[in-house]
Amino acid sequence: MKTYTAGLEGVIAAETEISLLDTVQEKIIIRGEDLIDLSSRVGYAEIAHLLLEGNLPSIQEKEQLEGKLNMQSEVPAGITEILKLLPGTTHPMDGLRTGLSALAGYDADLENRELSANKRRAYDILGKLPAITVNSYRLINGEEPIQPNKNLSYSANFLYMITGKEPSQLETEIFDRSLLLYSEHEMPNSTFTARVIASTQSDMYGALTGGVASLKGSLHGGANEAVMYMLNEADSAAAFERLMYRKLRMKEKIMGFGHRVYMKRMDPRAIVMKEALKELCDRKGDHLLLDMCEAGERVMEEEKGLYPNLDYYAAPVYWMLGIPIPLYTPIFFTARSAGIAAHVIEQHENNRLFRPRVHYTGN
């Protein structure tokens, strides 16, 4: 008789060299490196290289990677035409999912599962996802697409396409830091979904498309959007505190707090984003959002013993960067695509088909 565990909580589903959430040491380990430590020393491109190649790049390798991503940033015209056909009611994650899935048709080597082929398509997907993410949203909303600016870094170009203006150095650094923090997180539902799909020997586009569908679900992605909508319901720290108490009395679910892994402490990634929010508030000379978030943090710790996760502080950071709320979760996935692609590659390299059994409760 096998043991049934609801939600597979605590079940080891895969062996991996990619990452580990070390809750004892309070570290997020990426190929032997501490992600939080890396967030103060390197950028998203270096993390992508670490995830896909197994090591941090040299200065020359980083420059080559940035150049490669820039060269691959343009999306085929056919993808844009497909996205133009989506109705205005389309969810931004569905626009992203459609564009990503359609990319498979442009890969002439689609059935090749060799390591070199998978790495090549991982970088191609990584290069094109910012444009697909932003322009699917723009087209859904009746706006013209924005072409990538190849003179900018990966993160600066991503933010440029979102806002339509070239970001400052501080804005670029903070946005890049957020992408880095979202890049990989061991085995959440979307990564597990992608590995399950990859275990059938399906291609990387299909595996990542499944990941988008998983991340769209309200119990996985979307918390950053919910947090910002909640913050916009109040206009002061005191008002936000009252709002939180009211939601608790009504037994409403408050997004941005608690985590299946971080049960008794604050998500270390949230600490980094909280510091980023303070930097932006200091630069603007307006600490309203920081004060509101800290008020909500105190309420949840005192009343529920829950602590902020990454989404709680990423939301106001994105708001201050001028990012539309519906793009928060698509940005999350775009950043996470580096980690998910690494997992798909690892699954293909040492594969066994996922085929669990059930605990039958019928007659």
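Residues numbered from 1 in each chain as written. Predicted model: local features only at pLDDT ≥ 70, side-chain atom pairs only at ≥ 80, totals over all residues. Heavy atoms only, no water.

This is how it is decided: UniProt positions are given in the numbering used here, feature names are shortened, and annotations may be inferred rather than shown by experiment.
An unreviewed UniProt entry lists the protein under the name Citrate synthase, from Virgibacillus xinjiangensis. Here the protein is described in UniProt, under the heading Pathway (unreviewed entry), as follows: "Carbohydrate metabolism; tricarboxylic acid cycle."

A closer look at the layout of surface pockets
What counts is decided by this rule: With a 1 Å grid laid over protein atoms only, a set of points is called a cavity when a 1.4 Å probe fits there but cannot get out and a pocket when it is open yet has protein on both sides within 12 Å along at least five of seven lines; lining residues have an atom within 4 Å of a point. Grid points are joined across faces, edges and corners, and a volume is the space filled by probe spheres set on the points. What counts as a helix is a DSSP run of H or I of at least four residues, what counts as a strand is a run of E of at least two, and both are numbered from the N terminus. Any residue that is not Ala, Val, Leu, Ile, Met, Phe, Trp, Tyr, Cys, Pro, Asp, Glu, Lys or Arg is counted as polar, Gly included; the first ten are nonpolar and the last four charged.
Each pocket or cavity is described by its volume, and for the second largest pocket that value is around 940 Å³. The wall of the second largest pocket is formed by 26 residues, among which Leu-8, Val-11, Arg-355, Pro-356 and Arg-357 lie closest to the centre. At the level of secondary structure, the elements contributing two or more residues to the lining of the second largest pocket comprise helix 9 (189-198) and helix 16 (328-349). Taken together, the residues that form the lining of the second largest pocket break down as 13 nonpolar, six polar and seven charged.

A short note on the side chain of His-185
Convention followed: Classification of residues uses two cut-offs on accessible area relative to the type maximum, computed with a 1.4 Å probe and protein chains only: under 20% is buried, over 50% is exposed, and between them is partly exposed. In protein, a polar contact means a hydrogen-donor-capable atom and an acceptor-capable atom, both N or O and within 3.5 Å, with residues adjacent in sequence counting only if both atoms are side-chain atoms; elsewhere, any N or O pair within 3.5 Å suffices.
Relative to the helices and strands, His-185 resides in the loop between helix 8 (169-182) and helix 9. Here His-185 falls in the buried class, since its relative accessible area comes to 6%. A polar contact is formed between the side chain of His-185 and the side chain of Arg-269, at a distance of 3.5 Å.

Some details on the sheet that holds strand 1 (residues 19-22)
Heads up, the rule is: At least two DSSP bridges between two strands are needed for those strands to be called paired.
Read across the sheet, three strands follow the order 1-2-3 without closing on themselves; strand pairing throughout is antiparallel. Both outer strands of the open sheet, strand 1 and strand 3 (33-34), are each paired with one neighbouring strand and no more. Relative to strand 2 (residues 27-30), strand 1 runs antiparallel, the two sharing four bridges. Within strand 2, the position partnered with Asp-22 by the bridge is Lys-27.

Looking at helix 16
Applied cut-off: Expected helix span is given by 1.5 Å per residue-to-residue step, counting one fewer step than there are residues. Here the bend at each residue means the angle between axes fitted to two seven-residue stretches, the one ending at that residue and the one beginning there.
With 22 residues, helix 16 should reach 32 Å at 1.5 Å per residue; the first-to-last C-alpha distance of 32 Å fits that figure. Roughly 45 degrees is the biggest bend found in helix 16, and it falls at Ser-337. Among the 22 residues of helix 16, 21 are classified as buried, and the element is accordingly described as predominantly covered.

Notes on the nonpolar core
Basically, it comes down to this: What is meant by a nonpolar core is a set of buried Ala, Val, Leu, Ile, Met, Phe, Trp, Tyr and Cys residues, joined one to another through side-chain atoms within 4.5 Å. Here, residues are in contact when the closest pair of their heavy atoms is within 4.5 Å.
Core analysis: the biggest nonpolar cluster contains 107 residues, and Phe-175, Tyr-318, Ile-323 and Phe-333 have the highest contact counts within it. Leaving out residues up to four positions away in the same chain, Tyr-318 has contacts with Phe-175, Ser-178, Leu-179, Tyr-182, Ile-323, Tyr-328 and Ile-331.

Description of the environment of Gly-54
Mapped onto the elements, Gly-54 comes out in the loop between helix 2 (44-53) and helix 3 (59-71). Each C-alpha atom of the pair Gly-54 and Gly-32 lies 9.4 Å from the other, and the pair is 22 residues apart in sequence. Among residues more than four places away in sequence, those in contact with Gly-54 are Arg-31 and His-49.

Topic: the environment of Gly-105
Mapping Gly-105 onto the fold places it in the loop between helix 5 (92-102) and helix 6 (115-140). In the structure, Gly-105 is positioned 57 residues away from Ala-48 in sequence and 24 Å away in space, judged by C-alpha atoms.

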